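The chain contents come next:
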Amino acid sequence: ELALKSLGSEGLFLFSSLDTNNDLYLSPEEFKPIAEKLTGVAPTSEFEEEETPDPSGETLSIVAKFQPLVMETMTKSKDGFLGISHVALSGLRNWTAPAAPMSVMLARQFKAFLPPKNKLDLGDPWWIIPSELNIFTGYLSNNRFYPPPPKGKEIIIHRLLSMFHPRPFVKTRFAPQGAVACIQAISTFYYTIAFRIHAEFQLNEPPDFPFWFSPGQFTGHIVLSKDSSHVREFKLFVPNNRSLNVDMEWLYGASESSNMEVDIGYLPQMELESTGPSIPSVIHDENGNVIDSRDPSGEPIQFVFEEITWQQQIPWEEAAQKLEVAMYPFKKVSYLPFTQAFERAKAEKKLVHSILLWGALDDHKPPSASLPVPGSGRTLRETVLESSPILISSWSLVKELEELQTNRENEFYSKLADLHLEKYNFPVEMIICLPNGTVVHHINANYFLDITSMKPEDVESSIFSFSNNFEDPSTTTYLQFLKEGLQRAKPYMQ
């Protein structure tokens with residue numbers, strides 16, 4: 001109360017965003033972001049001092065390519081961003097180019113991508129940055145502007161993402177956090193490592209309120225020597241193959257409980273790529289003498305690299321699937337595209353277990369102010385989505401079904417989309433239906449979450465009753481929903 005009286009609500013909001021340990025005291029480390037902002041000087045950070053550059057080591061040149069978010073893809077654009085202040089979106093609108101179009105890094109910094117000794121099999125995933133959050137730990141504060149100093153293997157991820165924007169958070173506010181990787185190919189001296197990173201950016205600074213920009217995922221690969229002295233190639237990017245690939249949310253007040261707006265949109269391009277293999281920063285002749293890096297005509301010396309012969313490898317799609325399952329264990333169950341699910345269900349005489357979402361199920365999502373617990377797709381995947389063997393599972397975005405609905409080239413698919421959208425309510429609808437699209441049972445995520453947050457004695461419906469053992473209520477409730485759907489479908493499946 002004294003702090004609120006002294007600083008006012010907005011002042012306390014800024015103070016709280018810096019006071020990371022909530023002790024009502026700003027240490028020099030906590031005050032550092034403001035000092036750097038006021039002085040314009042960024043001192044060498046502790047984590048940078050941990051690096052011991054090898055002056056004769058190789059360097060890798062990386063370029064950043066960025067096309068800003070297409071504002072028209074945001075749902076708020078449909079009414080001309082009515083009621084949304086220009087200031088709230090200023091950080092988003094002003095972000096039109098990468099913070100650093102090019103950067104030169106030490107090859108040995110990419111040692112963080114090398115596998116641990118017990119993960120040398122193809123496709124066996126490990127955590128570069130472990131996720132520290134789960135459904136029981138909740139999520140981190142929205143009321144933050146400046147990322148904490150990265151440590152250990154976070155350093156290289158932070159430096160790479162800083163090429164896009166100066167305020168990357170390598171640990172997201174919600175699960176699953178972190179970065180996961182697996183070996184895609186092995187040769188005598190090299191690995192190809194596939195990786196997936198969940199990170200986000202803070203686009204605003206005081207006195208504006210926080211604006212979080214959360215790409216669905218960063219993925220990519222690196223080809224590097226087993227001793228990390230040489231990087232043959234590197235690429236990191238945000239997939240752009242779906243119609244929506246970024247979540248955004250922004251606060252409208254000076255407290256953690258303030259109103260929050262949530263939206264989604266499409267980012268055409270966000271990628272980093274090496275310009276070529278890493279090259280020695282210092283060149284020696286056969287006698288060990290340092291020689292000029294340019295030939296007598298002034299042109300840079302051209303290096304010739306041996307061709308890599310891969311002894312073992314798996315396809316990129318398989319490696320990406322392994323990473324996806326590591327992040328989301330529920331993905332062990334196959335989720336087919338919408339139309340494929342119904343074709344399979346018709347052929348195998350099975351039901352379809354369909355999930356219709358506002359945002360993607362297998363990209364990480366921020367907490368939604370409209371839900372009792374964080375996330376739309378995230379809430380579902382943290383419960384139980386492992387269906388019965390007599391169900392074909394699928395998930396779809398509302399926007400994709402709206403497009404399918406208007407596509408009259410295939411009347412059957414259009415009808416399927418119609419039947420789904422008729423039952424849909426924001427943010428997520430879980431549906432059990434026949435192979436012809438007839439919906440036999442459905443439940444909205446908000447109702448599902450309300451049920452699972454109730455005490456067992458308060459639940460009157462036998463459909464959503466809890467078991468007497470120690471199973472998670474959300475698990476039991478979802479299984480009950482699936483069983484009820486199967487029961488209702490029986491007359492149609494004889």
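Residues numbered from 1 in each chain as written. Predicted model: local features only at pLDDT ≥ 70, side-chain atom pairs only at ≥ 80, totals over all residues. Heavy atoms only, no water.

Trainee: Quick one: what's the story with the nonpolar core, residue by residue and with numbers?
Mentor: In terms of nonpolar packing, the biggest core is built from 55 residues, with Phe 110, Phe 113, Phe 164, Phe 213, Phe 218 and Phe 234 touching the most fellow members. For Phe 110, the residues in contact, after removing those within four places along its chain, are Leu 60, Ile 62, Met 105, Ile 156, Leu 160, Ile 222, Leu 224, Val 231 and Phe 234. Val 352, Leu 356, Trp 358 and Ile 431 belong to the second largest nonpolar core, which has 23 residues in total. (Core = buried A, V, L, I, M, F, W, Y, C linked by side-chain atoms within 4.5 Å. Buried < 20%, exposed > 50% of the residue type's maximum accessible area, 1.4 Å probe, protein only. Contact = heavy atoms within 4.5 Å.)

Trainee: Before we move on, could you go through the packing of aromatic side chains and cite the residues and values that matter?
Mentor: Tallying each qualifying case throughout the model produces 15 aromatic pairs. Plain terms: the ring middles of Phe 201 and Phe 218 are 6.2 Å apart, the flat faces sit at 70 degrees to each other, and that makes the pair edge-to-face. Pair noted here: Phe 201 is in strand E7 (residues 200-202) and Phe 218 is in strand E9 (residues 218-225), with a separation of 17 residues, a long-range link. Overall, Phe 218 belongs to the buried group, its relative accessible area being 0%. Both rings, one in Phe 412 and one in Tyr 413, keep their centres 6.0 Å apart while their planes meet at 45 degrees; by these two values the pair is tilted. A relative accessible area of 24% places Phe 412 in the partly exposed class. Above the ring of Phe 81, the side-chain terminus of Arg 93 is found at 5.2 Å from the ring centroid. (Phe/Tyr/Trp six-rings, centres within 6.5 Å; stacked < 30°, edge-to-face > 60°. Helix = DSSP H or I, 4+ residues; strand = E, 2+ residues; numbered from the N terminus. Lys NZ or Arg CZ within 6 Å of the ring centre and 35° of its normal.)

Trainee: I'd like a description of the packing of helix H7 (residues 338-348) against helix H10 (residues 411-423), backed by residues and values.
Mentor: Orientation of H7 relative to H10, taken along the N-to-C sense of each, is 105 degrees, at an axis distance of 11 Å. If you check the angle between H7 and H10, you find them roughly perpendicular. Facing H7, whose interface residues are Phe 338, Thr 339, Phe 342, Glu 343 and Lys 346, H10 presents Phe 412, Tyr 413, Leu 416, Ala 417 and His 420. Looking at side-chain class alone, the contact of H7 with H10 contains six nonpolar, two polar and two charged residues. (Axes fitted to C-alpha atoms, helices over the stretch in contact; angles between N-to-C directions. Parallel < 35°, antiparallel > 145°, perpendicular 65-115°, else oblique. Nonpolar A, V, L, I, M, F, W, Y, C, P; charged D, E, K, R; others polar.)

Trainee: Got a sec to walk through the sheet that holds strand E21 (residues 428-433)? Specific residues and values, please.
Mentor: Across the sheet, which stays open at both edges, the five strands sit in the order E18-E20-E19-E21-E22 with mixed pairing between neighbours. The open sheet has two edge strands, strand E18 (335-336) and strand E22 (439-444), and neither has a second partner. As paired strands, E21 and E22 are joined by five bridges and run antiparallel to one another. Across the sheet, residue Ile 431 finds its bridge partner in E22, namely His 442. Lying over the sheet, H7 contacts E18, strand E19 (351-357), strand E20 (391-397) and E21, oriented at roughly 160 degrees with respect to E20. Sheet strands in contact with H10 are E19, E21 and E22, and its direction is about 130 degrees off that of E21. (Pairing = 2+ DSSP bridges.)

Trainee: Describe the environment of Arg 488, with residues and values.
Mentor: Among the structural elements, Arg 488 can be located in helix H12 (residues 473-489). The exposure class assigned to Arg 488 is partly exposed, which follows from its relative accessible area of 36%. Between the alpha carbons of Arg 488 and Cys 433 there is a distance of 9.8 Å; along the sequence they are 55 residues apart. Engagement of the side chain of Arg 488 in a polar contact is seen with the side chain of His 441, the distance being 3.2 Å. (Polar contact = N/O pair within 3.5 Å; in protein donor to acceptor, adjacent residues only side chain to side chain.)

Purely geometric numbers; function is a separate question.
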